[in-house]
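# Structural characterization, general
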Amino acid sequence: MKVQQISLQQDNWYEKASTLNIEASLILLFVSPNFTPKQDVVNHVITKYPEAIVIGCSTAGEISDITVKDETVSLTAIQLDKVTCRKSSREIIDMNCSYKSGQYLAKDLCTKGLKHVLVLSDGLNVNGADLVSGLKSMIPNVSITGGLAADGSDFNKTFVINNNQIVDKTIIAIGFYGDNLKVGYSSKGGWDSFGIERLVTKSNKNVLYELDGLPALELYKSFLGEQANNLPSSGLLFPLSMRLHEDSTPIVRTILAVNESDQSLTFAGNIPEGSYVRLMKANIDRLINGAADSAEGAKKKVEEHTELAILISCVGRRLVLKQMVEEEVEAVRDILGDKPSITGFYSYGEIAPFGEFSPCELHNQTMTITTLSEC
């Protein structure tokens with residue numbers, strides 16, 4: 001495997017993109033929604049590498065090496081020498097299509113030698129938890145990682161890149177095939193829970209209506225104080241920790257939208273009735289340590305050195321860390337060492353298993369790391 005990683009700025013993107021000099025089989029483009037010539041970049045890459053698979057998505061910040069930038073493109077060209085890959089994509093009508101879309105993608109990719117699946121999805125029109133459940137139902141023994149596209153903290157419109165198309169309401173999955181692929185992955189948070197645990201008494205998939213019999217939005221606002229005036233974006237600073245039952249590992253859920261008329265909260269993933277939730281708040285040191293823990297987890301799965309690390313971190317983490325945001329990327333570099341190229345983006349949801357023997361889940365507010373190499 002050979003990897004070439006470049007950060008493209010609006011004023012000199014063509015010159016930098018022209019320096020690509022490997023025989024790329026796969027190209028990842030993590031693109032700021034405010035990067036104006038994005039279609040020109042896509043067209044240039046397709047022309048230069050007509051046989052390569054080109055995928056990507058919009059972001060809430062682009063990760064290139066140990067930097068976090070805005071209004072750029074994090075371009076990563078990957079030359080696979082011993083491993084093959086194949087793309088599948090699925091357009092959706094609305095969130096209700098998420099589970100079946102996951103099944104479709106998994107079934108399409110599930111041929112002999114499938115080792116890993118990388119997923120990039122529209123971030124606003126997809127129920128990420130249902131998407132993951134659909135994928136797992138068809139390929140329960142295959143590792144799955146990825147994330148949901150973002151639009152800064154605007155929650156207005158996200159997009160994915162599907163070869164030469166820049167589109168919304170689409171999910172893309174890449175299957176990697178062959179025993180020569182080495183994959184590492186991990187997902188860790190670092191948020192602190194506070195307040196009492198509350199029972200979810202009324203919900204419908206990812207829409208939460210009542211907690212302990214009280215209107216969910218009203219109760220949530222009571223905790224936020226003045227921050228409630230800035231919902232839904234301020235909700236990124238106060239996610240919920242959810243556990244399905246007493247013995248389950250908590251999963252973090254982040255708000256995507258609020259509805260004043262029915263006092264509901266819409267989340268990136270499901271909040272089932274009968275589950276328990278607690279409010280969470282940020283601890284900067286713990287967030288940075290969580291990124292380092294995620295790197296340690298990903299590193300443990302790969303005995304040999306890794307060539308590429310794909311970091312997908314939550315927009316909420318970036319809003320909390322602010323000018324310190326690069327410290328969580330630097331923490332990952334410190335653990336993984338100088339060798340791997342690092343790319344990635346800030347997202348509306350992260351997809352990964354908790355650990356080596358855990359099922360894949362949709363996460364929020366985590367640093368999710370996927371490492372790839374050939375042996």
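Above this text is the structure in question.
From a predicted model like this one, the values you see are computed outputs, not experimental measurements.

## Topic: the layout of surface pockets
Size it by volume and the largest pocket reaches roughly 340 Å³. Residue lining of the largest pocket: 21 residues in total, with Ser 241, Pro 250, Ile 251, Val 252 and Met 280 positioned closest to the centre. Among the elements of the structure, β13 (181-188), β14 (192-204), β17 (240-243), β18 (251-253) and β21 (276-281) are those that each provide at least two residues to the lining of the largest pocket. Roughly 220 Å³ of internal volume is contained in the second largest pocket. Ala 60, Asp 70, Asp 151, Gly 152 and Ser 153 are the residues nearest the centre of the second largest pocket, which is lined by 16 residues in total. When residues of the lining of the second largest pocket are assigned to their parent elements, the largest contribution, three residues, is made by helix α7 (residues 315-321).

## A closer look at empty space enclosed by the protein
Taken as a whole, this structure holds one cavity of 30 Å³ or more when the rule is applied. Lining the largest cavity we find Phe 194, Gly 195, Ile 196, Arg 198, Leu 211, Leu 219, Tyr 220, Phe 223, Leu 240, Val 277, Arg 278 and Leu 279. Of all the secondary structure elements, the ones that give two or more residues to the lining of the largest cavity are β14, α5 (216-224) and β21. If you tally residues by element for the lining of the largest cavity, the top one is β14, at four residues. Its residues assigned to classes, the lining of the largest cavity shows nine nonpolar, one polar and two charged.

## Considering the sheet that holds strand β6 (residues 72-79)
Spatially, six strands are ordered β1-β6-β2-β3-β10-β11 in an open sheet, and the strand pairing comes out mixed. Both outer strands of the open sheet, β1 (2-9) and β11 (165-167), are each paired with one neighbouring strand and no more. Neighbour to neighbour, the strand axes of the sheet diverge by 15° on average, direction disregarded. Relative to strand β3 (residues 53-58), strand β2 (residues 26-31) runs parallel, the two sharing six bridges. Pairing of Leu 28 across the sheet is with Ile 55, part of β3.

How each quantity is defined
Residues numbered from 1 in each chain as written. Predicted model: local features only at pLDDT ≥ 70, side-chain atom pairs only at ≥ 80, totals over all residues. Heavy atoms only, no water. 1 Å grid on protein atoms, 1.4 Å probe; cavity = no way out; pocket = protein on both sides within 12 Å on 5 of 7 lines; lining within 4 Å. Points joined across faces, edges and corners; volume = space filled by probe spheres on them. Helix = DSSP H or I, 4+ residues; strand = E, 2+ residues; numbered from the N terminus. Nonpolar A, V, L, I, M, F, W, Y, C, P; charged D, E, K, R; others polar. Pairing = 2+ DSSP bridges. Axes fitted to C-alpha atoms, helices over the stretch in contact; angles between N-to-C directions.

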